[in-house]
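Here are the chains, one letter per residue:
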Amino acid sequence: HAVITDETRAARERALRRGTLIHRLLQSLPDVASERRETAARDFLRRNAETLFSDDERTALAMQVIALIQTPSFAPLFAEGSRAEVSIAGRVPRRGRPPALVSGQIDRLVVTPDEVLIVDYKTNHAPPQTAADAPPDYVHQLALYRDVLQRLYPGRPVRCALLWTETAVMMEIPASAMDAELQSQGF
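No experiment lies behind these values; they were computed from the predicted model shown.

Conventions we followed
- Residues numbered from 1 in each chain as written.
- Predicted model: local features only at pLDDT ≥ 70, side-chain atom pairs only at ≥ 80, totals over all residues.
- Heavy atoms only, no water.
- Helix = DSSP H or I, 4+ residues; strand = E, 2+ residues; numbered from the N terminus.
- Buried < 20%, exposed > 50% of the residue type's maximum accessible area, 1.4 Å probe, protein only.
- Areas by Shrake-Rupley, 256 points an atom, 1.4 Å probe, with all protein chains shown as cover.
- Lys, Arg positive; Asp, Glu negative; His and termini not counted.
- Charge placed at Lys NZ, Arg CZ, Asp CG, Glu CD.
- 1 Å grid on protein atoms, 1.4 Å probe; cavity = no way out; pocket = protein on both sides within 12 Å on 5 of 7 lines; lining within 4 Å.
- Points joined across faces, edges and corners; volume = space filled by probe spheres on them.
- Nonpolar A, V, L, I, M, F, W, Y, C, P; charged D, E, K, R; others polar.
- Expected span 1.5 Å × (residues − 1).
- Contact = heavy atoms within 4.5 Å.
- Axes fitted to C-alpha atoms, helices over the stretch in contact; angles between N-to-C directions.
- Parallel < 35°, antiparallel > 145°, perpendicular 65-115°, else oblique.
- Left-handed = near helix turned anticlockwise from the far one by under 90°.
- Salt bridge = Lys/Arg side-chain N within 4 Å of Asp/Glu carboxyl O.
- Pairing = 2+ DSSP bridges.

Caption draft 1: Local environment of the overall build of the protein chain. Helix and strand content of the protein chain: six helices and five strands. In sequence order, the protein chain lays out its α and β elements as α-α-α-α-β-β-β-α-β-β-α. For the protein chain, the residues scored as buried account for 38% of the 187 residues in total. As displayed, the protein chain has an accessible area near 10600 Å², and 51% of this comes from carbon and sulfur atoms. When the 23 basic and 24 acidic side-chain charges of the protein chain are each reduced to a single mean position, those positions are 6 Å apart.

Next up, the structure:
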């Protein structure tokens with residue numbers, strides 16, 4: 001088995017911390033006026049990551065997140081009416097067993113009169129190239145959230161996507177993949 005050195009542990013700690021910082025910035029920066037985002041991001045990172053990341057690394061991180069928020073194709077995701085860190089709870093029926101209890105946090109939720117969009121941020125360093133290669137755990141989680149929200153918003157399609165923060169790619173997970181994932185788990 002692999003030997004975990006202090007160096008590996010430190011690298012993993014930095015990667016996890018970086019992911020947390022990106023999540024927090026994506027949660028709060030969209031609500032800050034665009035001309036104040038850079039200052040807000042730098043201040044936040046100085047307060048929360050001064051010892052772990054250099055000034056240059058913090059600046060690069062701030063600019064990466066701001067660029068993501070300002071990507072035109074992501075505009076609906078961060079538009080007024082979208083919400084960050086939405087708590088969700090519900091029951092999902094299962095075949096021949098009691099319903100599964102679902103509870104969690106949706107990173108970004110967009111509800112319009114025409115549809116519902118659930119987006120989960122993922123900070124993986126080397127994200128998959130296609131939705132078919134998305135980790136099953138991620139697909140499973142989105143499928144459960146989708147099931148709960150379909151009951152809350154009947155008649156509106158509920159779309160789900162993973163937003164890979166490292167590559168600024170939003171990957172929609174097809175409904176068929178989520179249905180198959182739940183079916184394989186006895187739902």
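Caption draft 2: Local environment of the layout of surface pockets. The volume enclosed by the largest pocket comes to roughly 200 Å³. Looking at the lining of the largest pocket residue by residue, the class counts come to three nonpolar, six polar and two charged.

Caption draft 3: Molecular detail of helix H3 (residues 55–69). The terminal C-alpha atoms of H3 lie 21 Å apart, and with 15 residues this matches the ideal 21 Å at 1.5 Å per residue to within 8%. Where H3 is buried, its residues contact helix H1 (6–28), helix H2 (37–49), helix H4 (75–78) and strand E4 (158–164).

Caption draft 4: View of the packing of H2 against H3. Between H2 and H3, whose axes approach to 9 Å, the crossing angle comes to 135 degrees. Regarding the angle of H2 to H3, the classification is oblique. For the element pair H2 and H3, the recorded crossing hand is right-handed. Of H3, the residues touching H2 (which contributes Arg 37, Glu 38, Ala 41, Arg 42, Leu 45, Arg 46 and Ala 49) are Arg 58, Thr 59, Leu 61, Ala 62, Met 63, Ile 66 and Ile 69.

Caption draft 5: Region of interest: the side chain of Glu 181. Note on placement: Glu 181 falls in helix H6 (residues 175–184). No salt bridge is formed by the buried Glu 181; the nearest opposite charge belongs to Arg 97, separated by 11 Å. Non-local contacts of Glu 181, meaning those with residues more than four positions away in its chain, are made with Pro 136, Val 139 and His 140.

Caption draft 6: Main features of the environment of Pro 135. Within the fold, Pro 135 resides in the loop between strand E3 (116–122) and helix H5 (136–152). Ignoring anything within four residues of it in the chain, the contact list for Pro 135 reads Pro 128 and Trp 164.

Caption draft 7: Inspection of the pairing of strand E5 (residues 169–173) at higher detail. Relative to E5, E4 is paired through five bridges, and the arrangement is antiparallel. The residue bridging Leu 163 from the neighbouring strand is Met 170, located in E5. Remark: four residues form the turn of the hairpin made by E4 and E5, two consecutive strands paired antiparallel; Ala 168 in that turn has positive phi of roughly 55 degrees.

Caption draft 8: Structural detail: the packing of H1 against H3. The interhelical angle for the contact between H1 and H3, taken along N-to-C directions, is 45 degrees, at an axis separation of 10 Å. Between H1 and H3, the angle is such that the two are oblique. In the packing of H1 onto H3, the handedness of the crossing is right-handed. Of the residues in H3, those touching H1 at Arg 14, Arg 18, Leu 21, Ile 22, Leu 25 and Leu 26 are Glu 57, Leu 61, Gln 64, Val 65, Leu 68 and Ile 69. A class-by-class count of the residues in the contact of H1 with H3 yields eight nonpolar, one polar and three charged.

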